[in-house]
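What the coordinates show
Each chain, written out:
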Amino acid sequence: MDKNIVIIGAGVSGLIAALQLEAYGYKPTIYEADTRVGGRVQSDTVNGYVLDRGFQVLLSAYPMAQKYLDYEKLSLKSFVSGSYIFKDGKRLCIGDPLRDVSLLGTTLFSSVGSFSDKIKVFKLKRMLHKKSIDAIFEAESITTLQYLQRFGFSNAIINDFFKPFFTGIFLETELSTSSRMFEFIFKMFGEGNAVIPQKGIQEIPNQLLNQLKNSEIKYKHKVKSVRDNTIILEDNTEVTLDYCIVATEASNIISNLSSTTLTWKSTQTLYFEVDASMVFPKYMIGLLAGNENSLINSISFPYSEANANRLLSVSVVKQHNLDETALLAQIKQELNTHFNITTLKHLKTYHIKNALPAIENVCYSVFPSETQLTNSIYLAGDTLLNGSLNAAMLSGELAAKAIHQKISGYME
Ligand SMILES: Cc1cc2nc3c(=O)[nH]c(=O)nc-3n(C[C@H](O)[C@H](O)[C@H](O)COP(=O)(O)OP(=O)(O)OC[C@H]3O[C@@H](n4cnc5c(N)ncnc54)[C@H](O)[C@@H]3O)c2cc1C
């Protein structure tokens, strides 16, 4: 129990690793380059509004989130299961009438896809409910687009719903992401809700941090390199250790991994203040369909205190070369043309270069021992499995388990 265990990174994976090590009785030390926890899960307050650094949601059905988070204390705001689709100046609605019966008419009779497409959506949901997560990740991997076509969906519903919806999740516009990830995410949507804590996504790492009792966090301590039994900080201080979990992209700090640099998917989120009359009647995401030349992928109105004005979040996934001013002008114009929204004030734009790792061979889990790189170095982070909060949590747990197994010789 007195082993010196260091974790690099206080993102979600590093925090879970620390929690799990504490559960075994260890007292890890976390070295974090930033001034706070969360990594890619952070929020800022601007003009009284909570702005998440990039639009993201927690899927309440994630097994790892159910294990580690106290949902009630997070005061989660659930999106209604469905989307508004903005196409050719019209707002259409597709939803899950089994969850919200008021969506029955609008969904069945909306012109988003054919009637047969809508039946297939329910078939897919039922099929994936019965399919285990293990079976999903053992299945053949094709692209999501190929998968949807093989399932028999029409081009209309693929282009008007699946493409914009999953572009916002996979952060790529071609639906080239593995069908395994599609099945997993679709299953999670079917079995729970897309939620955001009322006070912003940062509440998730904050809650994990508050559960830590015996860990020390050293903020503003960037690690320059990692070797067996030693880490070197930016100021060249050397720290000796027994075990180290690298809970961030390892190729940046472990020299013999430097050739395995990951590619990342990027996104931009712009926040505006708008008049309350602009807000959708239901708490849903708005997707822009059928506009190849537009930059906006989706919009939503994150929770903000009810008053005359509200918060609008706009997500951009498509690559472009516009500078800050031109981007803002184009987004405002697209909001006006396609969504009939005029904004009162631009609050902030986030450019997130490294949002999701582009992993070809996504997997759900690995054996704990597979997180071990050398005698003393273990790896965690969503980069190990797949780009999701669930994967980040699971990877932290696996690395902690592996170290405990090594020390105690005990296999769970
Ligand atoms: C815009 C956006 C949208 C997303 N949408 C979703 C979504 O809807 N649903 C979902 O499930 N997931 C989503 N994700 C993915 C999810 O946020 C990540 O999978 C998860 O946060 C990854 O956690 P992590 O601990 O693996 O890595 P990170 O969060 O990247 O944490 C790494 C930590 O290590 C620190 N660090 C890095 N280098 C060093 C160093 N040299 N020394 C010390 N510290 C260092 C960093 O500061 C950071 O705190 C989204 C991510 C983004 C950015």
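Cut-off values and rules
- Residues numbered from 1 in each chain as written.
- Predicted model: local features only at pLDDT ≥ 70, side-chain atom pairs only at ≥ 80, totals over all residues.
- Heavy atoms only, no water.
- Core = buried A, V, L, I, M, F, W, Y, C linked by side-chain atoms within 4.5 Å.
- Buried < 20%, exposed > 50% of the residue type's maximum accessible area, 1.4 Å probe, protein only.
- Helix = DSSP H or I, 4+ residues; strand = E, 2+ residues; numbered from the N terminus.
- Domains from an automatic or database assignment.
- Contact = heavy atoms within 4.5 Å.
- Phe/Tyr/Trp six-rings, centres within 6.5 Å; stacked < 30°, edge-to-face > 60°.
- Lys NZ or Arg CZ within 6 Å of the ring centre and 35° of its normal.
- Near = heavy atom within 4 Å.
- Polar contact = N/O pair within 3.5 Å; in protein donor to acceptor, adjacent residues only side chain to side chain.
- Areas by Shrake-Rupley, 256 points an atom, 1.4 Å probe, with all protein chains shown as cover.
- Nonpolar A, V, L, I, M, F, W, Y, C, P; charged D, E, K, R; others polar.
- Buried area = accessible area lost by both parts, 1.4 Å probe.
- Salt bridge = Lys/Arg side-chain N within 4 Å of Asp/Glu carboxyl O.
- Pairing = 2+ DSSP bridges.
- Expected span 1.5 Å × (residues − 1).
- Arc of directions from axis to C-beta.

Of all hydrophobic cores here, the largest spans 84 residues; its most connected members are Phe162, Phe184 and Ile245. Counting residues per element, this core draws most heavily on helix H11 (residues 389-408), which supplies 10 residues. Domain assignment of the residues forming this core places at least three in each of domain 1 (5-41 + 202-260 + 360-408) and domain 2 (49-197 + 265-357). The residues contacting Phe184, other than those within four sequence positions of it, are Tyr62, Ile133, Ile136, Phe137, Tyr364 and Asn390.

Moving on: the packing of aromatic side chains. This model, assessed by the stated rule, comprises 26 aromatic pairs. Between Phe162 and Phe186 the ring centres are 6.4 Å apart and the planes differ by 40 degrees, which places this aromatic pair in the tilted class. With a gap of 24 residues between them, Phe162 in helix H7 (residues 155-170) and Phe186 in helix H8 (residues 179-191) connect regions that are remote in the sequence. A single burial state applies to Phe162 and to Phe186, both of which are buried. Of the aromatic side chains, those joined through ring pairs into one cluster are Tyr147, Phe151, Phe153, Phe161, Phe162, Phe165, Phe166, Phe170, Phe182, Phe186 and Phe189. The ring of Tyr84 has Arg91 lying over it, and the distance from NZ or CZ to the ring centre is 4.7 Å.

If you check the shell around the ligand, you find 32 residues, and the closest are Ser13, Glu32, Tyr62, Asp382 and Leu389. Within the side chain of Glu32, a nitrogen or oxygen atom sits 2.6 Å from an oxygen atom of the ligand. A distance of 2.8 Å separates an oxygen atom of the ligand from a polar atom in the backbone of Arg40. In isolation the ligand exposes 1000 Å². Once the protein is present, 89% of that is buried. Elements with a minimum of two residues in the shell around the ligand: helix H1 (12-24), strand S19 (345-357) and H11. For the shell around the ligand, the element with the highest residue contribution is S19, accounting for 3 residues. Its residues assigned to classes, the shell around the ligand comprises 16 nonpolar, 12 polar and 4 charged. Residue assignment places the shell around the ligand across two domains, with domain 1 (5-41 + 202-260 + 360-408) and domain 2 (49-197 + 265-357) each supplying three or more.

Looking at the element boundaries, Asn4 is found in the segment before strand S1 (5-8). With 24 residues separating them in the primary sequence, Asn4 and Pro28 have C-alpha atoms 6.8 Å apart. When residues no more than four places from it in sequence are discounted, the contact partners of Asn4 are Thr240, Leu241, Asp242 and Tyr243. Of note is the side chain of Asn4, whose polar atom sits 2.9 Å from the backbone oxygen of Thr240.

What the domain assignment lists for the chain is domain 1 (5-41 + 202-260 + 360-408) and domain 2 (49-197 + 265-357). The centre of domain 1, based on its C-alpha atoms, is set 30 Å off from the matching centre of domain 2. The partner domain 2 presents 25 residues to the 25 residues of domain 1 that form the contact. Here domain 1 meets domain 2 over a buried area of about 2200 Å², counting both sides, of which 62% is carbon and sulfur. Of all residues in domain 1, Arg40, Gln207 and Tyr364 give up the largest surface area on contact with domain 2, accounting jointly for 27% of the area buried on that side. Put simply, domain 1 and domain 2 have 1 salt bridge between them. Residue Lys67 is joined to Glu397 by a salt bridge in which the shortest nitrogen-to-oxygen separation is 2.7 Å. Applying the counting criterion to the domain 1 and domain 2 interface returns 8 residue pairs in polar contact (both at pLDDT 80 or more). Broken down by secondary-structure element, the contributors of at least two residues to the side of domain 1 that touches domain 2 are H1, helix H9 (203-211) and H11. Its residues assigned to classes, the side of domain 1 that touches domain 2 comprises 11 nonpolar, 9 polar and 5 charged.

Right, let's get into the pairing of strand S12 (residues 230-233). Burial of S12 is two-sided: the residues Thr230 and Ile232 facing one way and the residues Ile231 and Leu233 facing the other way are all buried. Inspection of the sheet shows strand S11 (residues 223-227) paired to S12 by 4 bridges, in the antiparallel sense. Looking across to S12, one finds that Val226 is bridged to Ile231. Counting the residues that bridge the hairpin from S11 to S12 gives 2 residues, and of these Asn229 lies at a positive phi of roughly 65 degrees. Where S12 folds back on strand S13 (residues 238-240), the antiparallel hairpin that results is connected by 4 residues, among which Asn236 adopts a positive phi of roughly 70 degrees.

Now for helix H10 (residues 324-339). Relative to the 22 Å expected for 16 residues at 1.5 Å per residue, H10 spans 21 Å between its end C-alpha atoms, a close match to the ideal helical length. Taken residue by residue, H10 has Leu327, Leu328, Ile331, Glu334, Leu335, His338 and Phe339 as its buried positions. Projected onto a plane normal to the axis of H10, the buried residues spread over an arc of 130 degrees and lie on a single side. Taken together, the buried residues of H10 touch strand S7 (82-87), strand S15 (264-275), strand S16 (285-288), strand S17 (296-300), strand S18 (309-316) and S19. Note on H10: the residue one or two positions beyond its end, Asn340, has a positive phi of about 60 degrees.

Time to look at unusual backbone geometry. With phi around 45 degrees, Ser75 is a residue other than glycine that occupies positive phi space. On the secondary structure map, Ser75 appears in the loop between helix H2 (63-68) and strand S6 (76-78). One non-glycine residue, Asn340, adopts positive backbone phi at about 60 degrees. Topologically, Asn340 is positioned in the loop between H10 and S19.

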